[in-house]
Protein chains: 2
Amino acid sequence: MPKMISWKGTPIWIASLLATATMVILLSVHQTQSGEAIIRSLKPSASDYVRYTTDGKMIMPIDYREWVFLTSGVNMSYNEQANESSETVFDNVFVNPSAYASFKKTGTWPDKTVFVLEIREGVGKGSINKTGKFQTPRISALEVHVKDEARFPGKWAFFNFDVDKPQPATVIPRTVQCYACHEQHAAVDTTFVQFYPTLLPIAREYKSFSKAYLNEEKAQH
Amino acid sequence: MPKMISWKGTPIWIASLLATATMVILLSVHQTQSGEAIIRSLKPSASDYVRYTTDGKMIMPIDYREWVFLTSGVNMSYNEQANESSETVFDNVFVNPSAYASFKKTGTWPDKTVFVLEIREGVGKGSINKTGKFQTPRISALEVHVKDEARFPGKWAFFNFDVDKPQPATVIPRTVQCYACHEQHAAVDTTFVQFYPTLLPIAREYKSFSKAYLNEEKAQH
């Protein structure tokens, strides 16, 4: 029997095969981590869209214009007397992409849904535009409605940012009227899906309307 | 000298090392391909947003509501007499995300930029809304403005889709007024950046305004 080349008592060809197997395993693990890192960096998780300071204030989202646009209304108000002035305001609504993807599959909102309501000033005549109104670079208000089940007693909370001095915002107390109004009138999970044209048919398909909204619809027909 | 185990004349430990090296190379290649495939699937290249049939018609983009929103205007028209009816129309403008990212870095549009103009009907009273207008699920028109330098003589082209019967659209001939109007009045590279509130300051910073727009601005001040 020939004496085989060995490494610490193991025949060298077995050692080589073990080394191969080890490298294959290490490379597979590395590949998986690398793939996940790519996914993470390109497709932020829902929680990446909402960040708080250590004392519970919300940090203003800065890239919401690259989220999913839900709708834009003009001079909308709950009050008949509102906006009798000649000023025009547009309200643009955006939601974080992962929440939008989830809504399309379920008809409702997942935890860590973040809405941004941007109020932007409109003007009439300008450039070749002769009638109607268009939006200007001037933002007059920025509000956030966020679903964070572990953090807020009613699951959802509102924040109002100072657009002239961007700094973390304190949560709006639950006693403020916006909470009650959203709970009493909003079509899906305290959000005004009745005003979001691409989501309204999805909510109808998934039958995810609130009782309040179904009653409102019944009363109108 | 001991006789070594061999495979086709090559000592087995050398064969094993060669096999290891080969597997490392193959796995590296696989890893790179896999990483790129993940990137491609999550972050489509600009050309993924515009597709044509073999006879040169454009296939209607279906996911433009998940692209980047540029603006929404209401009842806009070049014509003072337009829209004297009581109907409300909103025009929502979207652009493919890779073109938007490029505009932020350069102040102008790359090849394969795709704009979608969605005309959506608006209504007034509804749910808790008492004044102003909001958008409805009813789309009345869908137009595309695309930059495809190799395909179109003027680099850009327009397409008009039938929203009731989605099917590939034929390019609008260059003699139609929309081309001349965009060339004569649009602020950046035949696009109406003067109406896109987040892009107007970027174009100003990069000094990418068209001569026509600079003259128009001068005349207004």
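Residues numbered from 1 in each chain as written. Chains lettered and ligands numbered in written order. Predicted model: local features only at pLDDT ≥ 70, side-chain atom pairs only at ≥ 80, totals over all residues. Heavy atoms only, no water.

A. Examining the overall build of chain A more closely. Counting secondary structure elements, chain A contains five helices and seven strands. Reading chain A from its N terminus to its C terminus gives the helix and strand order β-β-α-β-β-α-β-β-β-α-α-α. Classification of the 221 residues of chain A by burial places 43% in the buried group. A separation of at least 24 residues holds for 51% of the contacts in chain A among residues at least 6 apart in sequence. For chain A, the computed accessible surface area is about 11900 Å², with 57% contributed by carbon and sulfur atoms. (Helix = DSSP H or I, 4+ residues; strand = E, 2+ residues; numbered from the N terminus. Buried < 20%, exposed > 50% of the residue type's maximum accessible area, 1.4 Å probe, protein only. Contact = heavy atoms within 4.5 Å. Areas by Shrake-Rupley, 256 points an atom, 1.4 Å probe, with all protein chains shown as cover.)

B. A look at the pairing of strand β5 (residues 114–123) of chain A. Residue and element names in this part refer to chain A. For β5, the buried fraction is high: seven of the ten residues fall into the buried class. Pairing of strand β4 (residues 88–95) with β5 involves eight bridges; the strand directions are antiparallel. Paired with Val89 across the bridge in β5 is Glu121. With nine bridges connecting them, β5 and strand β6 (residues 131–147) associate as antiparallel partners. Its bridge partner being in β6, Val123 is matched across the sheet by Phe134. (Pairing = 2+ DSSP bridges.)

C. Summary view of helix α2 (residues 97–106) of chain A. All names here are of chain A. Three or more residues of α2 are buried, namely Ala99, Tyr100 and Phe103. One face of α2 carries all of its buried residues, which in axial projection span an arc of 100 degrees. Looking one or two places after α2, you find Gly107, whose phi comes out positive at around 80 degrees. (Arc of directions from axis to C-beta.)

D. Inspection of the side chain of A:Asn92 at higher detail. The topology assignment puts A:Asn92 in strand β4. On the basis of relative accessible area, A:Asn92 is assigned to the buried category, the value being 0%. Polar side-chain contacts of A:Asn92 include one of 2.7 Å to the side chain of A:Ser72. Within the structure, the side chain of A:Asn92 is placed 2.8 Å from the side chain of A:Gln135, a separation counted as a polar contact. Residues contacting A:Asn92, with those up to four places away along its chain left out, are A:Arg65, A:Phe69, A:Thr71, A:Ser72, A:Val116, A:Leu117, A:Glu118, A:Arg120, A:Gln135 and B:Phe69. (Polar contact = N/O pair within 3.5 Å; in protein donor to acceptor, adjacent residues only side chain to side chain.)

E. Expanded view of the nonpolar core. Ranked by size, the top nonpolar core spans 46 residues in total, and within it A:Val146, A:Phe159, B:Val146 and B:Phe159 carry the most contacts. At the level of elements, β5, β6 and β7 (156–161) of chain A together with β5 (114–123), β6 (131–147) and β7 (156–161) of chain B are the ones that each hand at least two residues to this core. Excluding residues that lie within four positions of it along the chain, B:Phe159 makes contacts with B:Tyr52, B:Gly56, B:Met58, B:Leu142, B:Glu143, B:Val144, B:Val146, B:Phe152, B:Ala169, B:Thr170, B:Val171 and B:Ile172. (Core = buried A, V, L, I, M, F, W, Y, C linked by side-chain atoms within 4.5 Å.)

F. Structural context of the packing of aromatic side chains. Going through the model one piece at a time under the given rule, you end up with 29 aromatic pairs over all chains. Where B:Tyr64 meets B:Phe94, the ring centres are 5.6 Å apart and the plane angle is 65 degrees; that geometry is what we call edge-to-face. On the criterion of sequence distance, the pair formed by B:Tyr64 in the loop between α1 (12–42) and β3 (68–77) and B:Phe94 in strand β4 (residues 88–95) is long-range, its members being 30 residues apart. B:Phe94 matches B:Tyr64 in its accessibility class, with the two residues each being buried. We note A:Arg151 situated over the ring of A:Tyr52; from NZ or CZ to the ring centre the distance is 3.4 Å. (Phe/Tyr/Trp six-rings, centres within 6.5 Å; stacked < 30°, edge-to-face > 60°. Lys NZ or Arg CZ within 6 Å of the ring centre and 35° of its normal.)

G. Just the state of the cysteines, in detail. According to the stated counting rule, one finds zero disulfides over all chains in the structure shown. As a non-bridged cysteine, A:Cys178 has A:Cys181 as the owner of its nearest cysteine sulfur, 8.6 Å distant. (Disulfide = S-S within 2.5 Å.)

H. Quick look at the confidence of the model for chain A. Residue and element names in this part refer to chain A. Per-residue confidence for chain A gives a mean pLDDT of 83; residues scoring 70 or more make up 75%. Within chain A, no element has a lower average pLDDT than helix α1 (residues 12–42), which sits at 54, and none a higher one than helix α4 (residues 200–206), at 97. Counted against residues more than four places away or in other chains, residues 29–42, with its pLDDT under 50, gives 14 contacts. The ipTM, which scores confidence in the relative placement of chains, is 0.78 for this predicted complex, and the corresponding pTM is 0.79. (pLDDT = per-residue confidence, 0-100.)

I. Quick peek at the pattern of salt bridges. Within the structure shown, the criterion is met by 20 salt bridges over all chains. Where B:Arg138 meets B:Glu121, a salt bridge forms, and the shortest distance between an N and an O atom there is 3.6 Å. Taken together, the positions of B:Arg138 in strand β6 and B:Glu121 in strand β5 put the pair 17 residues apart, joining distant regions of the chain. B:Glu121 gets classed as partly exposed once you look at its relative accessible area, which sits at 33%. A single network of salt bridges, built from pairs that share partners, joins A:Arg65, A:Glu118 and A:Arg120. (Salt bridge = Lys/Arg side-chain N within 4 Å of Asp/Glu carboxyl O.)

J. Region of the structure containing the environment of A:Pro61. Residue placement: A:Pro61 occurs in the loop between α1 and β3 (68–77). Residue contacts for A:Pro61: discarding those within four places in its chain leaves A:Trp67, A:Val116, A:Val144 and A:Phe161.

K. Summary view of unusual backbone geometry. The phi dihedral of A:Asn75 falls on the positive side, at around 55 degrees, and the residue is not glycine. Relative to the elements of secondary structure, A:Asn75 occurs in strand β3.

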